[in-house]
Amino acid sequence: MERTLLGSTFLFTFLFVSLGICLAGIIFRIARWFAVDTGPEAGFIPVKKRVSAVLKGTAAALFSLKFLKIFKVLFFDLLLQSRILKTSLSRWIMHFSIFFGFMMLLLMHALDEIITKRLFPGYFPTLDPFQFLRNLFGVMVIVGVGIAVYRRLRYRGPMLITRYTDRYAVALLAVIIVSGFLEESSKMISESSFNRMMSGYFSACEPHDETALKAFWSREYGSVFPTMKFRITPELLARGKKLSEESCASCHADTRTAFISYPAAGFMKPFALSLSKSRAEVWLYYIHVLACFIGLAYLPFSKFFHLITDPLTLLVNGISDKKKVNPLTAMPRRAMELDACTECGTCSRYCSVAPVFRMLQNTEILPMHKLRTVKRLASGKDMDSAELQIISEGAFICTTCFKCTEVCPAGINLQDQWLASRELLSETGHPLPHVWLKKFNASEWSDRMRYFEASWKEADAGKERYYNLTDDSNVFAPCIQCQTCTNVCPVVAARTDPKDAVDITPHKIMNLLRLGLHDLALGSRMVWDCTTCYQCQENCPQGIKVTDIIYELKNRAYEHFKKIDRTAEINEDPC
Amino acid sequence: MALPKSHNYDPKHVFDIMVIGSGIAGMAASLFSVNRKLSTVQAGSVGGTLFASGLFDLMAIHPVEEKRVWADPWEAIAALRKQGSLHPYARISDDAIQSAFEEIASFLSSAGMAYRFEKNRNLPVITSMGTIKHTYCVPESMWHGVEAYNEKAPCLIIDFNGLREFSGRQISSTLREEWPGLRAVRISFPDTEGLNEVHPVHLAQALELSAVRESLAARIQPEIREARYAGFPAVLGIKKTAAICAHLEKLLGIPVFEIPMMPASVPGFRLKEIFDSVLPPKGLLRLIDKRVESVARLDNGNFILNIGGPDQEQFIQARGVILATGRFMGKGLLSDRKGIYEPLFHLPLHQPESRISWHHERFLDPSGHPINSAGVEVDDSFRAVDGTGKTIYDNLFIAGSILAHQDWMRMKCGSGLAIATAYAAVNAFINNFMNKSDRITA
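Residues numbered from 1 in each chain as written. Chains lettered and ligands numbered in written order. Predicted model: local features only at pLDDT ≥ 70, side-chain atom pairs only at ≥ 80, totals over all residues.

**Some thoughts on the overall build of chain A**
Keep this limit in mind: Think of it this way: any DSSP run of H or I at least four residues long counts as a helix, any run of E at least two long counts as a strand, and we number them from the N terminus. Here the contact rule is simple: place C-beta atoms from the backbone, and any two residues whose C-beta atoms are within 7 Å are in contact.
Check the secondary structure of chain A and you find 33 helices and zero strands. Its C-alpha atoms give chain A principal-axis dimensions of roughly 120 × 50 × 40 Å. Summarising the internal contacts of chain A: among those between residues at least 6 apart in sequence, 78% fall at separations of at least 24.

Listed below in structure tokens is the structure:
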């Protein structure tokens, strides 16, 4: 084969450089799993210990009964991708087409020298079934990529985000497959390729044999000979057929079985001369091969890295107990899982608290976005208090219902990620709302509000939701301070420690509202300790909606206080 | 008399009587109705009886401008009648009032809250302010207080750290001159050390446990010394008051009694508990926290009552209505710039000419204020009448404090008025209406 355009040395150099980058990248990214700090154990476990724990764990898993589980994971989760099928048939068709088509092309076609030739001694890429299968697998990839593109054009929104990595991945796949098809087609119609083959594998016995062969190939196999003028007769074709069977058939099947490239070649026929002259088939070959090499080098830094991380994650989480987390191996596993996420959005679509997102519009509620944030947190990005507050809100709205972990196609233990990142958030001063709201008492909050609200913009104030009860004095004005609400309140009754005592009891809250001291009512512990048992409301002789009011105050307080800096010192004279 | 559940809200189902109001008058009317086998339905807010002190007054002061206290309530009522007063008592016989009290007392006694009264005598009861209140009928748990006061026996008043509106020291210092044997002590209620506030219902709930009572008694024991009675704020349990008093008496070795507190107090909760839990099994359909929004009258005379509330509206048909919605606090009467009005039936009211004459110049005027005697005027069957004395509806009966020509707060006749007029209204409904054969029945 003489493709002297750039030379095989160039190709081999390119291949080895790509392979080098790929391997180095993979090693670098895997090594990072052991260095990244995630979760509450962060910083306490040295890297050495993490490595040895992972090695020990791997060895223990391989030499135990869990070994059988590995086969189950390999067959169902990896080969059949049953976890995707569980949630969506169309997505499974998409992913399986790309995965299976591309893998078969890789094994049968790209690595034919190493694999196919050894398995099938009579292998030639232009023989059937290989020629047919190559087209079939190519079509599978194209169909899968087509569905992927359609999905991303069709669905826009927080459940499916298209980033550059997604675009690059899809584009690269498309370039590789399309250039492959085009190269095959252009070769079919290329006169120079035909001549080269003929000069290598054919010797004419009779003067018209060459013409006969060309006539047969141009009629049957779609070859084009723009410089030749000959009249096709049945005799000539019969002769050509015989010659083709003798000289070509051992390596060339009917080109029609290349069911994509053959019709494509038909479309290219009008341009056959110029294509042949410009040696298009060679250029396309370079595009095809170099695109593959670039893909190889890009793999560790692209979405394709999930080819490595997802099987590993599925295996690790498939055989380990998700509810019993080993603190030594937890950190490398979590880091690996962060790399395994392909942002497919399945978790967000199944999230139990996703409806809350529709109300609050905080994307940190959605697991897909949350995991990205966990990644940013793990990488040690500096975030300001306001940003952490938004993240904390999302993190603690999660009910840890386990649903996302159940559906994640990559098998990520999301539950553990949430619990770990929550502890991290709590450590940075952003715990559960009722914890940080108790940092100050009612009057301290009231001072803080006065101090900070002055600096708020008009626009922020306008965003507050409309409140029905606490804004309407008719709601609490009938209160006669009979204390029935306080008397029946089990929260007031249950307090025993004066330190944690309810500071402002329900009837006092009603009185604060009547006095217009809403700010003081907001920071009251009663508001935060209320269990909404409705005893007060059911017993109020004046029919005041005490519980509903307290619940509304809770919401108002949270909305106000989350905007207030809890760490800043305020030096205001309270008088 | 169990009611078919499916008929509860069917407007075609005809109840005998609908009681509107859930205070003492409404509750008494419901009790008298179910005791007389009338199919009864009652609507009203949840806490009508919460403000009751637990004491049942009959009549203690008359005339109010003189603040004359009567030792015998019947004599006070007789004086009313003799002077030609329009007070509702003037329309009821002593026997009827006495029977009404007996029926209520026996009901409460059977429900676990026994009462004591003496036939012709008002009883002196110590209040949380240290004043003496004259009342007719006292709960058993307060009885020893009456005895102790009469004897002026050495007595210990116990109060608790953090309990507002009750001070043993105030009581003892107010009564020091007439009762030198009174001594006050303040202790911490078990498990409330350090709290700056405790609430009576929570203490009452805690005392339902014998361990708490033992712990409390141990704290009081060293303080008893010469005392022969022990007085507590009215927090001795909610459902087992009699047993709790008996247990404390055994532990302390001396009789104990309760002192009524400011409303809403624990005895009010006890009454509410009893009415809420005992009346429905006797056949009362109680629409809790439901208000009657509007009323219409059918051609046959039956009332259709539109019941509102948190749920969607429903309709009740009843052959008669007892209106016991109280005055302003119970929202039986409302006011605007022109005067006061009755919002449900728009009944004509006895009331001062204009707002300017509602009140006297002085807030504490000894004769009270004209607005405190405003209300619905009735005939001898407790049916509402208009200005000319004509009955408005033959099946609408009025009971309780919404009635005109009485100032129950100053006359100390509130509970008696509620109970007696409810009794009279129910009986009038049966005698003048139910027994008439020309009325269409269900």
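**A look at the overall build of chain B**
Condition: C-alpha atoms define the radius of gyration in this analysis, and the globule rule sets the expected value at 2.2 Å times the number of residues to the power 0.38. Three classes are used. A residue is buried when 20 or more other C-beta atoms lie within 10 Å of its own, exposed when 12 or fewer do, and partly exposed in between, with C-beta atoms placed from the backbone.
In terms of regular secondary structure, chain B is built from 11 helices and 19 strands. Relative to the 2.2 N^0.38 estimate, which gives 22 Å for 442 residues, the radius of gyration of chain B is 23 Å and therefore close to what a compact globule would have. Of all 442 residues assigned to chain B, the portion counted as buried reaches 48%. Within chain B, residue pairs in contact and separated by at least 24 positions form 69% of the contacts whose partners lie at least 6 positions apart.

**Examining the packing of helix α8 (residues 164-189) of chain A against helix α14 (residues 280-298) of chain A**
Each pair of packed helices gets described by two things: the angle between the helix axes and the distance between those axes. Residues and elements named next belong to chain A. Definition in use: Simply put, an axis is a line fit to the C-alpha atoms, just over the touching stretch for a helix, and the angle between two N-to-C directions goes from 0 to 180 degrees. Orientation labels follow simple angle bins: below 35 degrees gives roughly parallel, above 145 gives roughly antiparallel, 65 to 115 gives roughly perpendicular, and whatever is left gives oblique. With the far helix as reference, a near helix turned anticlockwise by less than a right angle produces a left-handed crossing, and one turned clockwise produces a right-handed crossing. Residue type decides the class: Asp, Glu, Lys and Arg count as charged, Ala, Val, Leu, Ile, Met, Phe, Trp, Tyr, Cys and Pro as nonpolar, and the leftover types, Gly among them, as polar.
Contact pair α8 / α14: the axes reach a minimum separation of 8 Å and the direction vectors enclose 155°. Our classification of the angle between α8 and α14 gives roughly antiparallel. Of the two elements, α8 crosses α14, and the hand of that crossing is left-handed. Only Ala 280, Glu 281, Leu 284, Tyr 285, Ile 287, His 288, Ala 291, Cys 292 and Gly 295 of α14 make contact with α8, whose side of the interface consists of Leu 172, Val 175, Ile 176, Ser 179, Gly 180, Leu 182, Glu 183, Ser 186 and Lys 187. Residues of the contact of α8 with α14, tallied by class, amount to 10 nonpolar, five polar and three charged.

**What to know about the environment of Leu237(A)**
Residue and element names in this part refer to chain A. Mapping Leu 237 onto the fold places it in helix α11 (residues 234-247). The class for Leu 237 is partly exposed, based on 15 C-beta atoms found within 10 Å. A sequence separation of 24 residues divides Leu 237 from Leu 213, and the C-alpha atoms of the two residues are 7.6 Å apart. When near neighbours in sequence (up to four residues on either side) are disregarded, Leu 237 contacts Ala 215, Phe 216, Arg 219 and Ile 232.

**Some words on the environment of Gly429(A)**
By the secondary structure assignment, Gly429(A) is in the loop between α22 (414-427) and α23 (433-436). Once the C-alpha coordinates of Gly429(A) and Ser392(A) are considered, the two residues, 37 residues apart in sequence, prove to be 9.6 Å apart.

**Thoughts on the interface of chain B and chain A**
If you look at the interface, chain B gives 16 residues, while chain A gives 16 residues. When the residues that make up the side of chain B that touches chain A are grouped by side-chain class, the tally is eight nonpolar, seven polar and one charged.

**What about the pairing of strand β8 (residues 182-187) of chain B?**
Residues and elements named next belong to chain B. What counts is decided by this rule: Any two strands between which DSSP finds at least two bridges are classified as paired. For crossovers, right-handed means that the path from the first strand over the helix to the second runs clockwise, given strands pointing away from the viewer.
Relative to β8, strand β7 (residues 155-160) is paired through six bridges, and the arrangement is parallel. Bridge pairing in β8 links Ile 157 to Ala 184. Handedness of the crossover joining β7 and β8 through helix α5 (residues 168-175) is recorded here as right-handed.

**Description of the domain arrangement of chain A**
Many authors give the size of an interface as the accessible area that is lost as the parts come together. Operational definition: Residue ranges for the domains originate in an automatic or database domain assignment.
According to the domain assignment, chain A consists of domain 1 (189-278), domain 2 (306-431) and domain 3 (458-561). Each of domain 1 of chain A and domain 2 of chain A has a C-alpha centre, and these two points are 60 Å apart.

**Digging into helix α19 (residues 367-378) of chain A**
Since the α-helix packs 3.6 residues into each turn, any two residues three or four apart lie on the same face. Residue and element names in this part refer to chain A. This is how it is decided: One less than the number of residues in a helix, times 1.5 Å, gives the span that helix is expected to have.
For α19, which comprises 12 residues, the first-to-last C-alpha distance of 16 Å matches the rise-based estimate of 16 Å (1.5 Å per residue) to within 8%. Within α19, 10 of the 12 residues are buried, which leaves the element mostly enclosed by the surrounding structure. Packing partners of the buried residues in α19 comprise α16 (327-340), α17 (346-350), α20 (385-397), α21 (403-407) and α22.

**Here's the deal with the confidence of the model for chain B**
Residue and element names in this part refer to chain B. Applied cut-off: The quantity called pLDDT is the predictor's confidence in a given residue, expressed from 0 to 100.
Per-residue pLDDT for chain B has a mean of 91; in total, 95% of the residues score no lower than 70. Per-residue pLDDT stays below 50 along residues 1-7; that stretch engages in nine contacts with residues further than four places along the chain or on separate chains. Both scores are given for the predicted complex: the pTM is 0.72, the ipTM 0.82.

**Some thoughts on the domain arrangement of chain B**
Residue and element names in this part refer to chain B. Parsing chain B into structural domains produces domain 1 (9-107 + 270-434) and domain 2 (128-259). Each of domain 1 and domain 2 has a C-alpha centre, and these two points are 34 Å apart. Across the contact, 14 residues belong to domain 1 and 11 residues belong to domain 2. For the side of domain 1 that touches domain 2, the secondary-structure elements that each account for two or more residues are α3 (94-110) and α9 (266-278). Partitioning the side of domain 1 that touches domain 2 into residue classes produces eight nonpolar, two polar and four charged.

**Digging into the nonpolar core**
Buried together is how nonpolar side chains tend to be arranged in soluble globular proteins. The cut-off we apply is this: Only buried Ala, Val, Leu, Ile, Met, Phe, Trp, Tyr and Cys residues enter a nonpolar core, and they are joined through C-beta atoms within 7 Å.
One finds Ala28(B), Ala422(B) and Ala425(B) to be the most contacted residues of the largest nonpolar core, which totals 160 residues. Per element, the largest residue contribution to this core is 11 residues, and it comes from helix α11 (residues 414-434) of chain B. Leaving out residues up to four positions away in the same chain, Ala422(B) has contacts with Ala25(B), Ala28(B), Ala29(B), Phe32(B), Ala324(B), Ala399(B) and Gly400(B). One finds Met94(A), Phe130(A), Leu172(A) and Tyr285(A) within the second-largest nonpolar core, a separate group that totals 44 residues.

**Concerning helix α24 (residues 442-453) of chain A**
Residues and elements named next belong to chain A. Spelled out, the test is: Relevant arc is that of directions from the helix axis to the C-beta atoms, nothing else.
Counted at 1.5 Å a residue, the expected span for α24 with its 12 residues is 16 Å, and the 16 Å between its end C-alpha atoms agrees. Along α24, the positions that sit buried rather than exposed are Ala 442, Trp 445, Ser 446, Arg 448 and Met 449. The arc that holds every buried residue of α24, seen down its axis, measures 165°, which confines them to one face. At its buried positions, α24 is contacted by α30 (518-522) and α33 (546-561).

**Side note on the environment of Trp70(B)**
Residues and elements named next belong to chain B. Tracing the backbone through its elements, the reader meets Trp 70 in the loop between β2 (40-44) and α2 (73-82). Residue classification places Trp 70 among the buried positions, given that 20 C-beta atoms sit within 10 Å. If sequence neighbours within four positions are ignored, Trp 70 has contacts with Met 59, Ala 60, His 62, Glu 75, Ala 76 and Asn 122.

**Focus: the sheet that holds strand β9 (residues 229-233) of chain B**
Hydrogen bonds along the backbone pair up the strands of a sheet, which may run parallel or antiparallel. Residues and elements named next belong to chain B. The sheet built from four strands is open, its strands ordered β8-β7-β9-β10 with parallel pairing. Each of the sheet's edge strands pairs with one partner strand only, and the pair in question is β8 and β10 (256-259). Adjacent strand axes in the sheet meet at a mean angle of 30°, parallel and antiparallel pairs treated alike. Along the sheet face, α5 touches β7 and β8 and points at about 170° away from the line of β8.

**Description of the packing of helix α3 (residues 66-79) of chain A against helix α15 (residues 306-319) of chain A**
All names here are of chain A. Following both chains from N to C, one finds α3 and α15 inclined at 135°, their axes separated by 9 Å at the closest point. Between α3 and α15, the angle falls in the class oblique. The chirality of how α3 crosses α15 is right-handed. Where α3 approaches α15, its residues Lys 66, Lys 69, Ile 70, Val 73, Asp 77 and Leu 78 are matched on the opposing element by Pro 311, Leu 314, Leu 315, Gly 318 and Ile 319. Across the contact of α3 with α15, the residue classes break down as seven nonpolar, one polar and three charged.

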